[in-house]
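# Topology and contacts: notes
If you want the building blocks of each chain, they are given just below.
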There are 2 protein chains.
Amino acid sequence: MTNLQDFIRNIRKPVRLDTDYGFAAVGLDHGHINSMCSSLIEAGATLLYVYDRDMKKAEALAAKHGAVVVDDIRRIYGDDRVKLVASAGIPNERGPLGCDVMRHGRDYFVDKAPFTTLEQLHEAEKVCAETGRKYFVFYSERLQSECSILAGYLLEAGFIGRAVNLIGTGPHRIGLPTRPGWFFEREKYGGILCDIGSHQAEQFLYYSGCDDARVTHSAIGNFKYPEYPELDDFGEMHLTAANGVTGYHRVDWYTPDGLKSWGDGRCYLEGTEGFIEMRKNVDITVGGGNKLYLTNADGEFVIDARGTTGFPYFTALIRDSIERTETAMTQSHAFAAARLCLEAQKYAIELTGRK
Amino acid sequence: MTNLQDFIRNIRKPVRLDTDYGFAAVGLDHGHINSMCSSLIEAGATLLYVYDRDMKKAEALAAKHGAVVVDDIRRIYGDDRVKLVASAGIPNERGPLGCDVMRHGRDYFVDKAPFTTLEQLHEAEKVCAETGRKYFVFYSERLQSECSILAGYLLEAGFIGRAVNLIGTGPHRIGLPTRPGWFFEREKYGGILCDIGSHQAEQFLYYSGCDDARVTHSAIGNFKYPEYPELDDFGEMHLTAANGVTGYHRVDWYTPDGLKSWGDGRCYLEGTEGFIEMRKNVDITVGGGNKLYLTNADGEFVIDARGTTGFPYFTALIRDSIERTETAMTQSHAFAAARLCLEAQKYAIELTGRK
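Residues numbered from 1 in each chain as written. Chains lettered and ligands numbered in written order. Predicted model: local features only at pLDDT ≥ 70, side-chain atom pairs only at ≥ 80, totals over all residues. Heavy atoms only, no water.

## Describing the packing of helix 2 (residues 32-42) of chain B against helix 3 (residues 55-65) of chain B
All names here are of chain B. The following threshold applies: Axis definition: a line fitted to C-alpha atoms, limited for helices to the stretch in contact. Angles are taken between N-to-C directions and run from 0 to 180 degrees. Each helix is a run of H or I in the DSSP string that is no shorter than four residues. Each strand is a run of E no shorter than two, and both are numbered from the N terminus. Here roughly perpendicular refers to angles of 65 to 115 degrees, roughly parallel to angles under 35, roughly antiparallel to angles over 145, and oblique to all remaining angles. In this scheme the crossing of two helices becomes right-handed for a clockwise turn of the near helix relative to the far one and left-handed for an anticlockwise turn of less than a right angle. Note on contacts: a residue pair qualifies if any of its non-hydrogen atoms lie within 4.5 Å across the two residues. Side-chain classes follow a simple rule in which Ala, Val, Leu, Ile, Met, Phe, Trp, Tyr, Cys and Pro form the nonpolar group, Asp, Glu, Lys and Arg form the charged group, and the remainder, Gly included, forms the polar group.
The contact between helix 2 and helix 3 brings their axes to 12 Å, and the two run at 20°. Our classification of the angle between helix 2 and helix 3 gives roughly parallel. The element helix 2 and its partner helix 3 pack so that their crossing is right-handed. Residues I33, N34, C37, S38 and I41 of helix 2 form the contact with helix 3, whose participating residues are L61, K64 and H65. Per-class residue counts for the contact of helix 2 with helix 3 are four nonpolar, three polar and one charged.

Pasting the structure below:
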């Protein structure tokens, strides 16, 4: 076994691509669009156009990156330099937009949740197959978390033996005054397991090393905000992969104001020879996020994961889009994660007596 | 809301009883019998007799506490000073012994797991009802953990709002050379959810504040020790209480040698207004156990729980036995926890293809 510190030192970080890869941003409803654009640009892409029903938002994003605001999406489709459309629209509009984008011969990069219904997923699968285009999904709680990326590398390298179980928690601060109306409408946001649960499903498939999984249990409830009856403030799902790995995932909107982060997101990865805990956003009373705790036969270790891995997803995405490869994330993996969280949501037990 | 530090300072710790309460120890197969006896003695009881098929073990325990070794359990039943029999025998012998003890007019205090089959539980429920005797169970991972006891007090006092969810993990070091044969025989130890899972079921009922619960999912497997095919080295169960509180519980025998404890046992209690994490045995890379992390609107706090609560269970048990009250733990609670872990075990999904 390579020494832990040597292993980490030798991780190859992504290098900015020298490319003329152009993209557009369409649908800025969720703030995630900002990091989606910035990350693609840092990886070497160029933001050419921005389109949104809110012109002010569009102008702000365009100005930041020297892009052009358009008032008709057809102007984007009419420019051959645009290879990809990025979107963080209202969740129930994401699937239909993606199909439109792919039918116009472009790849699509969408914020999670990528869909709000299984029908949207099935339509996107069909359009992917028909057009040969890609439907990339921004599962940021792993792809933009260095301790989560590092955990994957350490697992793969054998530092904790075979993965057996994952526990993932994704509590979020609700920030009521900042939320738009669609945040509280079930049809538009899709439910908590569909929404922030989608990160969890993706992480489970990734760490289990198996995209063939099923929902073994799921439940939702509204314990705290009865004034928003369509809001799930709590959700949980248990997943079982065909290789025997299991995972429990809890999401909620209860992060108290006293926490120095929007949420104490964690992953606890149990292996036959050790375990890894990711304290993603905060290490309570200690401060800082991106802490990876690893325990195995050699001892107990804590690693500040900042700067250890970089974010290889974005350069890989651009390369995949250009070279038609699947190195960032396979299409079937992205869709399998979407299917799991949609099924978990659809068949969830209601815990708080709502109809 | 009372200030956290004031609240903790004002907790009333148990006081040693001035009593002539006598008890006997029968069945020393699990080392837990030592802390069961010591704790009762510290609370004011007197160990009068010890009986075990292994005379050496019996003599060692008796010598330590000035008790008498007997070679026939009838000598114990023949002495009216004996009010209770404590046992940590082989798990599948615990239920039958308890019924025998109760039929002889004594209360019973047994190590977890209290039973290995639902039939044994039903028999004990019947004998309890018939004789009016008590079947106390030593769920040590809460009752002998000050951070766990403190968590209950803080929850009850409203520091994190309403409890919504519990995640409990109970990884254990296997210590193969120290384990007796029955540890590996399913009929004798009952399976991992029955065994170390019983702590989890009890904690769930306690923190949920509701003894009416059902098993929503359970699974077992043997991922690491195929040479012991009857050993479950992994188990998990998801429980749902009638009041909507849910809990996920994972137990395993994978604690690596590098951990400075037999297991990184934790409980993560999510409330509508905050959350509590109990790092029971170890705080990885920091050291020490019995750490309680609380986060609510007022901030992030860490409390060294040692010395904050003492162990009120034992004095309460003795008082309950003398006064026929139910302050230590209700009989229905102890049995409900037993039923859940037995049902979880009986209906568990097999994850590793064993027959």
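## Quick look at the interface of chain A and chain B
Interface size is commonly expressed as the accessible surface area that is lost when the partners come together. This is how it is decided: Summed over both partners, the accessible surface that disappears when two parts come together, traced with a 1.4 Å probe, is what is meant by buried area. A pair is scored as a salt bridge if a Lys or Arg side-chain nitrogen falls within 4 Å of a carboxyl oxygen belonging to Asp or Glu. Throughout this description, a polar contact denotes any pair of N or O atoms lying within 3.5 Å of each other; where both atoms belong to protein, one of them has to be capable of donating a hydrogen while the other can accept it, and for residues adjacent in sequence the pair is counted only when both atoms sit in side chains.
Counting residues at the interface gives 51 residues for chain A, matched by 51 residues for chain B. Both faces considered, chain A and chain B share a buried interface measuring about 4,200 Å² in area, 61% of it formed by carbon and sulfur atoms. One can count eight salt bridges joining chain A with chain B. We note a salt bridge from K260 of chain B to E300 of chain A, for which the minimum N-O separation is 3.5 Å. Applying the counting criterion to the chain A and chain B interface returns 24 residue pairs in polar contact (both at pLDDT 80 or more). Broken down by secondary-structure element, the contributors of at least two residues to the side of chain A that touches chain B are strand 7 (163-171), strand 8 (213-221), strand 9 (234-241), strand 10 (246-252), strand 11 (266-271), strand 12 (274-279), strand 13 (291-296) and strand 14 (299-304) of chain A. Element by element, the count of residues in the side of chain A that touches chain B is highest for strand 7 of chain A, at five residues. The class makeup of the residues in the side of chain A that touches chain B is 19 nonpolar, 16 polar and 16 charged.

## Side note on the packing of aromatic side chains
The condition that has to hold: Only rings of Phe, Tyr and Trp enter the pairing, Trp through its six-membered ring, and a pair is recorded when the two centres are within 6.5 Å. The plane angle decides the type: under 30 degrees is stacked, over 60 is edge-to-face, the rest tilted. Between buried and exposed lies partly exposed: a residue is buried under 20% and exposed over 50% of the maximum accessible area for its type, with that area taken using a 1.4 Å probe on protein chains only. To sit over a ring, a charge needs its Lys NZ or Arg CZ within 6 Å of the ring centre and within 35 degrees of the ring normal.
A complete count under the given rule lists 33 aromatic pairs over all chains for this structure. Pairing Y135 of chain A with F335 of chain A gives two aromatic rings, centres 5.6 Å apart and planes at 55°, and the pair type is tilted. Of this pair, Y135 of chain A sits in strand 6 (residues 135-138) while F335 of chain A sits in helix 12 (residues 331-346); the two residues are 200 residues apart in sequence, bridging distant segments of the chain. Each member of the pair, Y135 of chain A as well as F335 of chain A, carries the same accessibility label: buried. Taken together, a centroid distance of 4.8 Å and an interplanar angle of 20° make the contact between F115 of chain B and Y135 of chain B stacked. Of this pair, F115 of chain B sits in the loop between strand 5 (107-111) and helix 6 (118-131) while Y135 of chain B sits in strand 6 (residues 135-138), and the two are 20 residues apart along the sequence. Side by side, F115 of chain B and Y135 of chain B carry an identical accessibility label, which is buried. Put simply, the rings of Y108, F115, Y135 and F335 of chain A touch in pairs and so form one group of aromatic residues. Directly above the aromatic system of Y293 of chain A lies the positively charged group of R279 of chain A, at a separation of 3.9 Å from the ring centroid.

## Some words on helix 12 of chain A
Residues and elements named next belong to chain A. Which entries qualify depends on this criterion: In this analysis, the expected span of each helix is defined as 1.5 Å times one less than the number of residues it contains.
Helix length check: helix 12 (16 residues) gives 22 Å between terminal C-alpha atoms against 22 Å at 1.5 Å per residue, within 8%. The buried fraction of helix 12 is high, at twelve of 16 residues. Burial in helix 12 covers these residues: Q331, H333, A334, F335, A336, A337, A338, L340, C341, L342, A344 and Q345. Looking at the buried side of helix 12, the elements it contacts are helix 6 (118-131), strand 6, helix 9 (186-189), helix 10 (197-208), strand 8 and strand 9.

## Details of unusual backbone geometry
All names here are of chain A. That bond from K112 to A113 is cis: its omega, -10°, falls within 30 degrees of zero. In this fold, A113 is placed in the loop between strand 5 (107-111) and helix 6. Positioned with a positive phi, T285 is a non-glycine residue whose angle comes to about 70°. For T285, the location among the structural elements is in the loop between strand 12 and strand 13.

## Quick word on empty space enclosed by the protein
Where empty space is left can be seen by rolling a probe of water-molecule size over the atoms. Filter applied, for reference: Of the two site types, the cavity is a set of points on a 1 Å grid over the protein atoms alone where a 1.4 Å probe fits but cannot get out, and the pocket is an open set with protein on both sides within 12 Å along at least five of seven lines, each lined by residues with an atom within 4 Å of a point. Grid points are joined across faces, edges and corners, and a volume is the space filled by probe spheres set on the points.
This structure, assessed with the given rule, holds three cavities of 30 Å³ or more. When its volume is computed, the largest cavity comes out at roughly 190 Å³. Taken together, I167, T169, R266, C267, Y268 and E277 of chain A together with I167, T169, R266, C267, Y268 and E277 of chain B form the lining of the largest cavity. At the level of elements, strand 7 and strand 11 of chain A together with strand 7 (163-171) and strand 11 (266-271) of chain B are the ones that each hand at least two residues to the lining of the largest cavity. Class assignment for the residues of the lining of the largest cavity results in six nonpolar, two polar and four charged.

## Looking at the relation of the copies chain A and chain B
Heads up, the rule is: Here the copies are matched by least squares. The fit uses the C-alpha atoms of residues with pLDDT of at least 70 in both.
The transformation that overlays chain A on chain B combines an axial shift of 0.0 Å with a rotation of 180°, and the residual RMSD is 0.0 Å. The relationship between the two copies is best expressed as a two-fold rotation axis. Taken as a fraction of all interface residues of chain A, those also at the interface in chain B reach 100%, which identifies the copy contact as same-surface.

## Points about the pattern of salt bridges
Enumeration over the complete set of coordinates arrives at 58 salt bridges over all chains. Notably, a salt bridge pairs R250 of chain B with E270 of chain A, separated by 3.3 Å at the nearest N-O pair. Placement of the pair is R250 of chain B in strand 10 (residues 246-252) and E270 of chain A in strand 11, with the two residues belonging to separate chains. E270 of chain A matches R250 of chain B in its accessibility class, with the two residues each being buried. Measuring nitrogen to oxygen at the nearest pair gives 3.8 Å for the salt bridge that ties D107 of chain B to R133 of chain B. Of the two residues, D107 of chain B is situated in strand 5 and R133 of chain B in the loop between helix 6 and strand 6; the sequence distance between them amounts to 26 residues.

## Points about the side chain of E141 of chain B
Residues and elements named next belong to chain B. The following threshold applies: His residues and chain termini do not enter the charge count, which takes Lys and Arg as positive and Asp and Glu as negative.
In this structure, E141 sits in helix 7 (residues 140-143). Lacking a salt bridge, the buried E141 has K280 as its closest oppositely charged neighbour, with an N-O distance of 4.9 Å. Apart from the residues within four sequence positions on either side, E141 is in contact with S148, H172, H199, Q200, Q203, W262 and K280.

These results come straight from atomic positions and should not be treated as a statement about function.
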